[in-house]
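A closer look at the structure
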Amino acid sequence: MRLPAVAQGVNPVRVQNLLLYRIVAFEAYPNLRHAIFTRQGGYSQSPFASLNLGLSVGDDPETVNKNYEQVCGALDISPDQTVSCHLIHSADVLTVDSANRRRVMGQADGLITATPGIYLSMRFGDCTPLIFFDPARGAVGLTHAGWRGTMQNAAGATVRAMIQEFDCRAGDIIAVIGPAIGPCCYEVGPEVIDAAATAFSHSASLFVRGNGRADRAHFNMWEANRRQLAAAGVEQIIQSELCTACRTDQFFSHRAEQGRTGRFGVIIGLQGNAV
Ligand SMILES: [Zn+2]
């Protein structure tokens, strides 16, 4: 079944005292558990208020763990069922299964699994969450693409890994571009503009130049990732169009909050009891 590309295909929902977003196109699959969490409903104090899941931002680790138990509880899973990785701004994708699973898989920016009961988990605060589901193969993926990962085509690398590892067809995959810093707020310098000129054809159309300095521009990271997903053959792309920097009431934004902030979570997996 093909779903049309849906703009802003995410819905805010309250679960217990948390505010989270659900992907509308995923609701048709009862075995799929997922959420894009916000910063609302946790225990952390300013500047990490309140649902901070980042352990490396200076927040109290016990409080972060309490927050993590809460988000897992909202999905009716245990933290032990989740798998994450150390994000390194790469396009490296790891395949997780019952044999190799660990709470932290090592260094990577993409995780994929086709094993029910393994829930992929990552933390974000401006970088792009890319969320993948193939209902035909029962496979999921989760990728972290900041500007560096975007220049390395982390989106395309994840799609290729799903095809290679699980025999997915790109046309079956539903991909979601989650809350990330948007073209409205993401001013960048020559480092990003030059890297995009190498990584993308027609890279100029990924930037909006303002009246300020000639060597600075606003980067459309949402569109850059959408192009890469489309180039990889994905037909069902959902662009949430939620800007983390515009919406610091709901999301953490490294840029908007000058680095003193937390990380919100995304979790996805298929229901089951992987050992
Ligand atoms: Zn914005």
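One structure accompanies this document, and this report is about it. (Residues numbered from 1 in each chain as written. Predicted model: local features only at pLDDT ≥ 70, side-chain atom pairs only at ≥ 80, totals over all residues. Heavy atoms only, no water.)

**Structural notes on the state of the cysteines**
The following threshold applies: The criterion for a disulfide is a pair of cysteine sulfur atoms lying within 2.5 Å.
Counting across every chain of the model gives zero disulfides. Cysteine cysteine 168 is unpaired, with the sulfur of cysteine 85 as its nearest cysteine sulfur at 18 Å.

**A short note on the sheet that holds strand S13 (residues 207-208)**
Our working rule: The pairing criterion is simple: DSSP has to find at least two bridges between the two strands. Segments assigned H or I by DSSP are reported as helices when at least four residues long, segments assigned E as strands when at least two residues long, and all are numbered from the N terminus.
The strand order across the open sheet formed by three strands is S12-S14-S13, and the pairing between neighbours is antiparallel. Two strands close off the open sheet at either side, each with one partner strand: strand S12 (187-188) and S13. In the sheet, S12 pairs with strand S14 (residues 217-219) via two bridges, with the strands oriented antiparallel. Each bridged residue has a counterpart across the sheet, and for glutamate 187 the counterpart in S14 is histidine 218.

**Some points on the coordination of the zinc ion**
Which entries qualify depends on this criterion: Metal sites are built from N, O and S donor atoms within 2.8 Å, or 3.2 Å for Na, K and Ca, and they leave out water, so they may look incomplete. Every geometry call rests on angle ranges, with four donors termed tetrahedral when all angles are between 85 and 135 degrees, four termed square planar and six termed octahedral when opposite donors are over 155 degrees apart and all others are between 65 and 115, and everything else termed irregular. Here the term buried applies to any residue with accessible area under 20% of the maximum for its type, exposed to any over 50%, and partly exposed to those in between, with areas from a 1.4 Å probe on protein chains only.
For the zinc ion, every protein donor is listed as Cys184 (SG), Cys185 (SG), Cys243 (SG) and Cys246 (SG), and the spread of their distances is 2.2 to 2.3 Å. Between the four donor atoms coordinating the zinc ion, the angles at the centre fall across 104 to 117 degrees, so the site counts as tetrahedral. Overall, the relative accessible area of 42% leaves cysteine 184 in the partly exposed class. A relative accessible area of 24% means that cysteine 185 is categorised as partly exposed.

**Details of the nonpolar core**
The nonpolar side chains of a soluble globular protein tend to be buried, and buried together. For clarity, the threshold we go by: Put simply, a nonpolar core is a bunch of buried Ala, Val, Leu, Ile, Met, Phe, Trp, Tyr and Cys residues held in one set by side-chain atoms that sit within 4.5 Å of each other. Contact between two residues is taken to exist if any of their heavy atoms lie within 4.5 Å; hydrogens are not considered.
If you look at the biggest cluster of nonpolar residues, it comprises 31 residues, and the most contacted ones within it are Phe26, Ile36 and Ile131. It is strand S16 (residues 264-270) that provides the largest number of residues to this core, a total of four residues. Beyond its immediate chain neighbours, meaning those up to four positions away, isoleucine 131 contacts Ile23, Phe26, Ile36, Gly141, Leu142, Ile174, Ala175, Val176, Val266 and Ile268. Counting 21 residues, the second-largest nonpolar core is a separate cluster that includes Phe166, Ala170, Ile173 and Ile177.

**Some thoughts on unusual backbone geometry**
In terms of backbone geometry, most residues other than glycine have negative phi values and most peptide bonds are trans. A cis amide bond links serine 46 to the next residue, proline 47, at an omega of 5 degrees. Along the polypeptide, proline 47 turns up in the loop between strand S3 (32-37) and helix H1 (61-74). The omega torsion across alanine 49 and serine 50 is -15 degrees, close enough to zero to call that bond cis. Secondary-structure assignment places serine 50 in the loop between S3 and H1. Its identity is not glycine, yet histidine 89 carries a phi of approximately 60 degrees, on the positive side. Within the secondary structure layout, histidine 89 lies in the loop between strand S4 (82-86) and strand S5 (93-96). With relative accessibility at 35%, the residue histidine 89 sits in the partly exposed group. Phi is positive for histidine 202, which is not a glycine, with a value near 55 degrees. Position of histidine 202 among the secondary structure elements: in the loop between helix H4 (190-199) and S13. Judged by its relative accessible area of 67%, histidine 202 is exposed.

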